[in-house]
Amino acid sequence: MIHISSHSLTGEPLFHLRAGDASYVFCVFHGYLLHLYCGPAVGEDDLTALLVKVGHDSVVPRPADTPEGWFSLDIAPQEFPVYGTGDYRPSALMVRRADGSAATSLRYVSHEVLPGKPVLDHQPATFAAPDEADTLAVTLRDPGSGFVVRLYYTAMRALPVIIRRAAAENPSDNPVTVERIASASLDFATWMEPAELLHLWGTWGRERTIERTPLAHGTVSVSSRRGASSHHHNPFAALVAQSTTETAGPAIGLSLVYAGNFEIAADTDPFGSIRFQAGIESTDFAWRLDPGETFVTPEAVLAISGEGLGKMSRTFHRLWREHLCRGEWAERERPVLVNNWEATYFKFDSEKLLAIAKDAAACGIEMLVMDDGWFGTRNDDRSSLGDWFVNEEKLPGGLAPLVERINALGLKFGIWFEPEMISPVSKLFDAHPDWALGTVGRDRSVARSQYVLDMTRPDVRDYLFDTISGVLSSANIEYVKWDFNRNLTEAASATLPPERQGEILHRYVLGLYDLLDRITAAFPHLLLEGCSSGGGRFDPAMLYYAPQYWTSDDTDAMERLDIQLGTTMVYPCSSMSCHVSASPNHQTRRVTSFETRGHVAMGGAFGYELDLTTLTDEEKALIRHQVADYHRFYALINRGDFYRLILPGDTVNGKTGRCAAWMTVSEDRSEALVTFVVIRASIHPVYFLRLAGLDPDARYQEESTGAVYGGSTLMNAGINLTAAHKGGWTDGSSVVMHFMRV
Ligand code: GLA
């Protein structure tokens, strides 16, 4: 809900946005938009009393037209600070005009309350019906140039979520260049305790590792300049107190719905005010706005928790599941699949795939996914990307006969593409060398022997749409794994004029969205899985198109504990694609039991990634059991409330990195599923585990032992797991416990 009043200082508007149990408050002060509060709900008080009226240094300029001697933009908490007029902290906007100048001042013009959440453009965005959200649009204008910025704030009614976006418009008669524009910026002027930035770092095979770093005076930030959101940092960070835990303390999560270069930063000034900002990374960004044109930023999402990280995560999970993921597969039970990548790599043919499919059918697996290697002359990773034509030496007669035989076994069929790439050794590159991103007179860098297509070009996108549609229409294909295996370099386009080359990295992302929009509209029943050398572009923008994402190329169950639990900081279990793979694991050579590999993979969209034809009867029986469990617990795991109980990096009973545990609880709290994994055992290990999220007054029965416990007992005293593993605890052993209210 949006409450608007006049405040006591100048009588200008004060906006109080109520989102779930959170408040977001800001006001207009002499035309400047000042931030007052973001956190657990507060009353409808006049929060201008929170404005800091310290005297400013004599070196700090102040606006000439504000009578208050204490007021300076360098100290004032702002909503959308701009460059060049006295705020020396990181700007939300820098715009260069035709005369070369960049000083800008944004002043309030008007505001408007809009029902629900308006659709602004063709970028991925959360959605909400008129009775689920309210939106406030505030228009600001630079008196000197007429440049207009409209800020959009959506307050979700049932969730503590504020969604922000900015639209910059050039009403002048001359072009201007936007050199920096944030999606959201806000200043926490009253944050008094030691603060930290919690973020997710990584690299290939080690995505989304949780890290907390103390804020310092100056800027602490995470970003990507790789052309994609990347393995290395996720477009998310949370501002937390040093004392914040899973269950207590402030956690303000900021996530950017964007698949490209981003920056999320926390800047601390000498007065302890923290500027928290998210937007497109500005190193190689310069967007020319011709007269009358508007630039709309990606949206930024704030998830506000006063009760620790767990609540912030559950807020994100619900928002992404219910207000971002689209299409029939967003909430639908996903088929258990087997993917042939780690089973065969490039060495397969129809007969091999059919052999895997036969065993899959016998085990209850529901879909076979044919990974890389089915097209062109691709027998290794050195050729053929772009030549999306079936290799009939591997698949005689094309896809249709293969898919028919797989369907006849009762299995669905899925296929792998890497649409945005082009191999220098390909028919496509021979025909269209200028379709690859590149700078004239400069060699293209290679990664995995491939170049990146110029997705800014409509002809490139048309080619991709036509060839991919042709393949998808040629047989009953029900799933696509959309891969993206390298970062961008030499990003220049043969078709854009010099003054627009600074737009390429953003235009690339918009081109990707356009192609995804067209494919998902043309094939509405398709289940799309995102992938980028594992989880290299696992972000909300991709989840808008693909409700599940290949979490990591590291399929080792112990490594997956870090990766998957890190991913749950922002993303729901339903979005994490998790497979049981071979042991010893292909990435780490670690040996882990089939049972534990299943327990860990069950933490997300479940499947297998190994050669089923080499398994023992005992292992196949285990698969039947795991598949049955997956169906039985689907709703609980994918729609329940998620709680991280022990992170692999936690110290438990004096030892660090020894175990991990998590659980999901059904919304009505009648059922819970708890997973506990011992990473490394010791002599005489002692394990207790306190559960979370249960009804303290209810009684619950654990299925395998029949033991009955009170909810409050399970949450406060905990359960004794010391003897919970039948064979005794060893490295990589695990248990799953199912609790039902009695
Ligand atoms: C990437 C993906 C893998 C697999 C290979 C195929 O690395 O992450 O799952 O699809 O490409 O080349």
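Going by the structure above, here's the rest.
Residues numbered from 1 in each chain as written. Predicted model: local features only at pLDDT ≥ 70, side-chain atom pairs only at ≥ 80, totals over all residues. Heavy atoms only, no water.

1. Quick notes on the overall build of the protein
The following threshold applies: Elements are defined by DSSP. Helices are runs of H or I of four residues or more, strands are runs of E of two residues or more, and each kind is numbered from the N terminus. Radius of gyration here is computed from C-alpha atoms only, and the compact-globule reference equals 2.2 Å multiplied by the residue count raised to the power 0.38. Here, Shrake-Rupley sampling with a 1.4 Å probe gives the accessible areas, and only protein chains in the shown set may cover a residue. Neither His nor the chain termini are counted; the positive set is Lys and Arg, and the negative set is Asp and Glu. Every charge is mapped onto a representative atom, which is NZ of Lys, CZ of Arg, CG of Asp or CD of Glu.
If you tally the helices and strands in the protein, you get 12 helices and 40 strands. Its C-alpha atoms give the protein a radius of gyration of 27 Å, within 12% of the compact-globule value 27 Å for 742 residues. Surface accessibility of the protein: about 26200 Å² in total, with carbon and sulfur atoms responsible for 52%. Taken together, the 65 basic and 93 acidic charged side chains of the protein have centroids lying 3 Å from each other.

2. Remarks on the sheet that holds strand 2 (residues 13–19)
Basically, it comes down to this: In this scheme, strands are said to pair when DSSP sees at least two bridges between them. Axes here refer to lines fitted to C-alpha atoms; in helices the fit is confined to the stretch in contact. Angles between the N-to-C directions go from 0 to 180 degrees.
Pairing is antiparallel in the open sheet, where 4 strands are placed in the order 1-2-3-4. Across the chains shown, the open sheet's two edge strands, defined by having one partner strand only, are strand 1 (2–6) and strand 4 (32–40). In this sheet, neighbouring strand axes are inclined to one another by 15 degrees on average, regardless of whether the strands run parallel or antiparallel. Direction of pairing for strand 2 relative to strand 3 (residues 22–29): antiparallel, over a ladder of 6 bridges. Paired with His16 across the strands is Val25, a residue of strand 3.

3. Here's the deal with the packing of aromatic side chains
Convention followed: In this scheme Phe, Tyr and Trp rings, the latter by its six-membered ring, pair at centre separations within 6.5 Å, and the angle between planes marks the pair as stacked below 30 degrees, edge-to-face above 60, and tilted otherwise. A 1.4 Å probe rolled over the protein chains alone gives each residue an accessible area, and that area as a share of the maximum for its type sets the label: buried under 20%, exposed over 50%, partly exposed in between. We call a charge positioned over a ring when the NZ of a Lys or the CZ of an Arg lies within 6 Å of the ring centre and within 35 degrees of the ring normal.
Under the counting rule described, the total for this entry stands at 35 aromatic pairs. Note on Trp374 and Trp388: the rings are 6.0 Å apart at their centroids and 35 degrees apart in plane angle, and the pair reads as tilted. Placement of Trp374 in the loop between strand 22 (367–370) and helix 4 (399–408) and of Trp388 in the loop between strand 22 and helix 4 is noted, with a sequence separation of 14 residues between them. Each member of the pair Trp374 and Trp388 is classed as buried. Look at Phe538 and Tyr571: their rings are 4.9 Å apart centre to centre, the planes differ by 45 degrees, and that puts the pair in the tilted class. One end of the pair, Phe538, is in the loop between strand 27 (527–530) and helix 8 (540–545); the other, Tyr571, is in the loop between helix 9 (557–567) and strand 29 (576–581), and 33 residues separate them in sequence. In terms of burial, Phe538 and Tyr571 fall into one category: buried. Joined through ring pairs, the aromatic side chains of Trp374, Phe375, Trp388, Trp416 and Phe417 make up one cluster. Between Arg332 and the ring centre of Trp329, over which it is positioned, the NZ or CZ distance is 3.9 Å. The cationic tip of Lys394 hangs over the ring face of Phe348; the distance from NZ or CZ to the ring centre is 5.0 Å.

4. Quick look at the pattern of salt bridges
As a reminder of what qualifies: By convention in these notes, a salt bridge is any Lys or Arg side-chain nitrogen within 4 Å of a carboxyl oxygen on Asp or Glu.
Here the structure, examined in full by the defined rule, presents 45 salt bridges. Put simply, Asp134 and Arg157 hold a salt bridge, and the shortest N to O gap is 2.7 Å. Linking Asp134 in strand 7 (residues 133–141) with Arg157 in the loop between strand 8 (148–156) and strand 9 (161–169), this pair joins segments that are 23 residues apart in sequence. Judged by its relative accessible area of 34%, Arg157 is partly exposed. The closest approach of N and O atoms between Glu281 and Arg225, which form a salt bridge, is 3.1 Å.

5. Quick word on empty space enclosed by the protein
This is how the line gets drawn: Cavities and pockets were defined on a 1 Å grid built from protein atoms only: a cavity is a group of points that admits a 1.4 Å probe but offers it no way out, a pocket is an open group of points flanked by protein on both sides within 12 Å along at least five of seven lines, and a lining residue is one with an atom within 4 Å of any such point. Grid points are joined across faces, edges and corners, and a volume is the space filled by probe spheres set on the points. Residues are grouped as follows: Ala, Val, Leu, Ile, Met, Phe, Trp, Tyr, Cys and Pro are nonpolar; Asp, Glu, Lys and Arg are charged; every other residue, Gly included, is polar.
Overall, the coordinates contain 11 cavities of 30 Å³ or more when judged by the stated rule. The volume enclosed by the largest cavity comes to roughly 120 Å³. Lining the largest cavity are 15 residues, with Tyr32, Gln78, Phe80, Val82 and Leu106 positioned closest to its centre. The residue inventory of the lining of the largest cavity, partitioned by class, reads 8 nonpolar, 5 polar and 2 charged. Roughly 90 Å³ of volume is contained in the second largest cavity. What lines the second largest cavity is simply Ser91, Arg180, Ile181, Ala182, Glu263, Ile264, Ala265, Gln277, Ala278, Gly279 and Ile280. Every element with two or more residues in the lining of the second largest cavity is listed here: strand 10 (176–188), strand 16 (262–268) and strand 17 (274–280). Taken together, the residues of the lining of the second largest cavity break down into 6 nonpolar, 3 polar and 2 charged.

6. Thoughts on the side chain of Ser552
Our working definition: Distance and chemistry together define a polar contact, namely a pair of N or O atoms within 3.5 Å, with one atom able to donate a hydrogen and the other to accept it when in protein, and with adjacent residues in sequence counting only for side-chain atoms on both sides. Any two residues whose heavy atoms approach within 4.5 Å at even a single point are treated as in contact.
Considering the arrangement of structural elements, one finds Ser552 in the loop between strand 28 (548–550) and helix 9. Take Ser552: its relative accessible area is 0%, and that puts it in the buried class. Among the polar contacts made by the side chain of Ser552, one reaches the side chain of Glu207 at a distance of 2.6 Å. Setting aside residues up to four positions removed in sequence, Ser552 forms contacts with Gly205, Arg206, Glu207, Gly534, Gly535, Arg560 and Ile563.

7. Some details on the packing of helix 9 against helix 10 (residues 594–601)
The angle between the axes and the distance between the axes are what describe a pair of packed helices. Selection criterion: Every angle not falling under 35 degrees, over 145, or within 65 to 115 is termed oblique; those three ranges are roughly parallel, roughly antiparallel and roughly perpendicular. Each helix crossing is assigned a hand: it is left-handed if the near helix lies turned anticlockwise from the far helix by less than a right angle, otherwise right-handed if that turn is clockwise.
Following both chains from N to C, one finds helix 9 and helix 10 inclined at 15 degrees, their axes separated by 10 Å at the closest point. Our classification of the angle between helix 9 and helix 10 gives roughly parallel. Where helix 9 crosses over helix 10, the handedness of that crossing is left-handed. Residues Ala557, Met558, Arg560, Leu561 and Gln564 of helix 9 form the contact with helix 10, whose own contacting residues are Thr596, Arg597 and Val600. For the contact of helix 9 with helix 10, a count of residues per class yields 4 nonpolar, 2 polar and 2 charged.

8. Considerations on the nonpolar core
To be explicit about the condition: The definition of a nonpolar core used throughout is a set of buried Ala, Val, Leu, Ile, Met, Phe, Trp, Tyr and Cys residues joined through side-chain atoms within 4.5 Å.
Judged by nonpolar contacts, the single largest core of 192 residues is most densely connected at Trp374 and Ile415. A per-element tally of this core places helix 7 (residues 504–522) first, with 9 residues. Ile415 has contacts with Val369, Met370, Trp374, Leu399, Val471, Leu472, Ile477, Tyr479, Val480 and Lys481, leaving out every residue within four places of it along the chain. Counting residues in each nonpolar core, the second largest holds 25 residues, with Val678, Leu691, Tyr700 and Leu721 among its members.

9. Focus: the sheet that holds strand 40 (residues 733–741)
With antiparallel pairing, the 6 strands of this open sheet are ordered in space as 31-34-35-40-37-38. Strand pairing shows two members of the sheet lacking a second neighbour, strand 31 (641–646) and strand 38 (708–710), which therefore form its edges. Geometrically, the sheet is characterised by an average inter-axis angle of 25 degrees between neighbouring strands, direction not taken into account. Pairing of strand 34 (residues 659–665) with strand 35 (residues 671–678), which is carried by 7 bridges, proceeds in the antiparallel orientation. Residue pairing for strand 35: Thr664 is matched across the bridge by Leu673. Sheet strands in contact with helix 9 are strand 31, strand 34 and strand 35, and its direction is about 50 degrees off that of strand 34.

10. Let's talk about the pairing of strand 20 (residues 300–305)
Most of strand 20 is tucked away, with 6 of its 6 residues classed as buried. The two faces of strand 20 match: Ala300, Leu302 and Ile304 on one face and Val301, Ala303 and Ser305 on the other face are all buried. As defined by bridge partners, strand 9 adjoins strand 20 across 4 bridges and the pair is classed as antiparallel. Within strand 20, the residue paired with Ile162 across the bridge is Leu302.

11. Some details on the site of the ligand
The line we're drawing: Here a residue is considered near a molecule or strand provided that any single heavy atom belonging to it is located within 4 Å of it.
Neighbouring residues of the ligand: 13 residues in total, closest Asp371, Asp372, Arg448, Lys481 and Asp553. Contact between the ligand and Asp371: an oxygen atom at 2.6 Å from a side-chain N or O atom of the residue. Contact distances for the ligand include 3.0 Å between an oxygen atom and a side-chain N or O atom of Asp483. Calculation on the ligand without its partners gives an accessible area of 310 Å², and the protein chains cover 97% of this total. For the shell around the ligand, the residue count by class is 4 nonpolar, 3 polar and 6 charged.

12. Some remarks on the environment of Gly306
Mapping Gly306 onto the fold places it in the loop between strand 20 and helix 1 (308–323). Linking Gly306 and Pro250, residues 56 residues apart in sequence, is a C-alpha distance of 4.3 Å. When residues no more than four places from it in sequence are discounted, the contact partners of Gly306 are Pro40, Gly249 and Pro250.

13. Re helix 6 (residues 458–473)
Applicable threshold: Expected helix span is taken as 1.5 Å per residue step, with the number of steps being one fewer than the number of residues.
Helix length check: helix 6, at 16 residues, gives a terminal C-alpha distance of 22 Å against a target of 22 Å (1.5 Å per residue), a fit within 8%. Residues Val460, Arg461, Tyr463, Leu464, Phe465, Thr467, Ile468, Ser469, Val471 and Leu472 constitute the buried set of helix 6. Residues of helix 6 that are buried make contact with helix 4, strand 23 (412–417), helix 5 (427–431), strand 26 (479–482) and helix 7.

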